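# Reading the structure
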Amino acid sequence: MESNNNLNTEAVIFTDAAAMKVGSLLTEEENPDLNLRVYVTGGGCAGFQYGFSFDENKDEGDTEVVKRGVRLIVDPMSIQYLMGAEIDFQEDLQDQLDQEKWHQYLIL
């Protein structure tokens, strides 16, 4: 039996604010197949780094959280470091028009 790796809301919390912001950015991309991929890289002296990207592919073993029609996906290696994390969006008034900086305000 194959698992679809969908998470319940307690494993990774994808807030309404984050889903709405990502949803608006995805609308601008005009590609309904895009997902928000959250990943962890690095380790060692610099510690872990968290990243976000848009990705059309959902790979086998990826975990998926859906909120407000927006799909957040996490690879199998990264999910172990993201269990219990909250993915949120907080808008800084100075940067509200600078959509290039949106990822800086998704908080882990």
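Residues numbered from 1 in each chain as written. Predicted model: local features only at pLDDT ≥ 70, side-chain atom pairs only at ≥ 80, totals over all residues. Heavy atoms only, no water.

## Description of the packing of aromatic side chains
Note the cut-off: The criterion for an aromatic pair is that two Phe, Tyr or Trp rings (for Trp, the six-membered ring) have centres within 6.5 Å, with stacked assigned to planes under 30 degrees apart, edge-to-face to planes over 60 apart and tilted to the rest. Comment: elements are numbered from the N terminus, with helices defined as DSSP H or I runs of at least four residues and strands as E runs of at least two.
Following the criterion strictly, the structure yields 1 aromatic pair and no others. Relative to Tyr81, the ring of Phe48 lies with its centre 4.6 Å away and its plane at 40°, an arrangement referred to as tilted. Residue Phe48 is found in strand S3 (residues 48-55), and its partner Tyr81 is found in helix H2 (residues 76-82); the two are separated by 33 residues along the sequence.

## With respect to the side chain of Thr15
Condition: Working definition: with a 1.4 Å probe on protein chains only, accessible area under 20% of the residue-type maximum means buried, over 50% means exposed, and in between means partly exposed. Note on definitions: a residue-residue contact is assigned when non-hydrogen atoms from the two residues lie within 4.5 Å.
With respect to the helices and strands, the residue Thr15 is situated in the loop between strand S1 (13-14) and helix H1 (16-29). Taking the relative accessible area as the measure of exposure, Thr15 reaches 13% and is therefore buried. Ignoring anything within four residues of it in the chain, the contact list for Thr15 reads Lys67, Glu86, Ile87, Asp88 and Phe89.

## Side note on the nonpolar core
Cut-off, in case you're wondering: By nonpolar core is meant a set of buried Ala, Val, Leu, Ile, Met, Phe, Trp, Tyr and Cys residues that side-chain atoms within 4.5 Å join together.
In this structure, Phe14, Leu36, Val38, Leu72, Leu82 and Ile87 are the most contacted members of the largest nonpolar core, which totals 20 residues. Those elements that place two or more of their residues in this core are H1, strand S2 (35-42), strand S5 (70-74), H2 and strand S6 (86-89). No other element matches the 4 residues that H1 contributes to this core. When sequence neighbours within four positions are dropped, the list of residues in contact with Phe14 reads Ala19, Leu36, Val65, Lys67, Val70, Leu72 and Ile87.

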